Amino acid sequence: MPFLRQSTDLLPVRLQKDVSPGAWAYSHGLTDAQQKDWEKLLGDKGRIPFVLYPNLCAKCGTLWPEMFLVPDAEWKHYIEPQMQREMLCKACYEQVKAWIDGEGLGLTRRSKQTKRPASRAGG
Ligand SMILES: [Zn+2]
């Protein structure tokens, strides 16, 4: 069953009430009369059903995978373009990296390429 969510963003405007820090309404909340006015405004406007959709790994389907950071350049290198907006769990990301690196297509550091061509050429 969906939860009904109500935004309080418009509360100060609709009730013409100052709810900023330091204002009486900020520290004490709305009076019973103001609360009823607010609920009537919400009822008149209608509420939006809110359904919580879980995050899941696009590869293995794990629910709510722990989030981790990857530099943009690395993500773009290892994750194909149509999947770059998806979420992966850490294990699946490491698997994808290992597959790509295993094919010899992994990231190479430009510094290594530019600093060590002589040693490669010389064997
Ligand atoms: Zn996964």
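Per chain, residue numbering runs from 1 following the sequence as it is written. Under the rules for a predicted model, residues below a pLDDT of 70 receive no local features and side-chain atom pairs below 80 are neither given nor counted, while totals for whole chains, interfaces and linings still include all residues.

Here we come to the overall build of the protein. Scanning the protein for helices and strands turns up seven helices and two strands. Put simply, DSSP marks the helices as runs of H or I at least four residues long and the strands as runs of E at least two long, and each gets a number from the N terminus on. When the helices and strands of the protein are listed from N to C terminus, the series reads β-α-α-α-β-α-α-α-α. Throughout, a residue-residue contact means that the two C-beta atoms, derived from backbone geometry, are no farther apart than 7 Å. When contacts within the protein are restricted to residue pairs at least 6 apart in sequence, long-range pairs at least 24 apart make up 52% of them.

All right, on to unusual backbone geometry then. Unlike most non-glycine residues, Trp64 shows phi in positive territory, near 45°. Tracing the sequence through the fold places Trp64 in the loop between strand 2 (48–50) and helix 4 (72–78). Under the C-beta neighbour-count criterion, Trp64 is labelled exposed, with 11 such atoms within 10 Å. Three classes are used. A residue is buried when 20 or more other C-beta atoms lie within 10 Å of its own, exposed when 12 or fewer do, and partly exposed in between, with C-beta atoms placed from the backbone.

Turning our eyes to something else, we now look at helix 5 (residues 90–102). Here the expected length of a helix is defined as 1.5 Å per residue gap, with one fewer gap than residues. Along its 13 residues, helix 5 runs 18 Å from first to last C-alpha, staying within 8% of the 18 Å computed at 1.5 Å per residue. In the stretch just after helix 5, Gly104 is the one whose phi turns positive, near 75°.

Looking now at the environment of Leu107. Residue position: Leu107 is located in the loop between helix 5 and helix 6 (110–115). Of the residues examined, Leu107 has 13 C-beta atoms within 10 Å and is grouped as partly exposed. Taking the C-alpha atoms as reference, Leu107 lies 7.5 Å from Glu74; in sequence the two are 33 residues apart. Setting aside its immediate chain neighbours within four residues, Leu107 contacts Glu74 and His77.

Right, let's talk about helix 3 (residues 32–45) for a bit. For helix 3, built from 14 residues, the straight-helix expectation of 20 Å at 1.5 Å per residue is met to within 8% by its first-to-last C-alpha distance of 20 Å. Summarising burial for helix 3: zero of the 14 residues are buried, a small minority. At the C-terminal side of helix 3, Gly46 shows a positive phi close to 95°.

What follows concerns the confidence of the model for the protein. Per-residue confidence from the predictor is reported as pLDDT, which spans 0 to 100. Overall, the prediction assigns the protein a mean pLDDT of 80, with 74% of residues at 70 or greater. Note that residues 111–123 has pLDDT below 50 and, in this model, one contact with residues that lie over four places away or in other chains.

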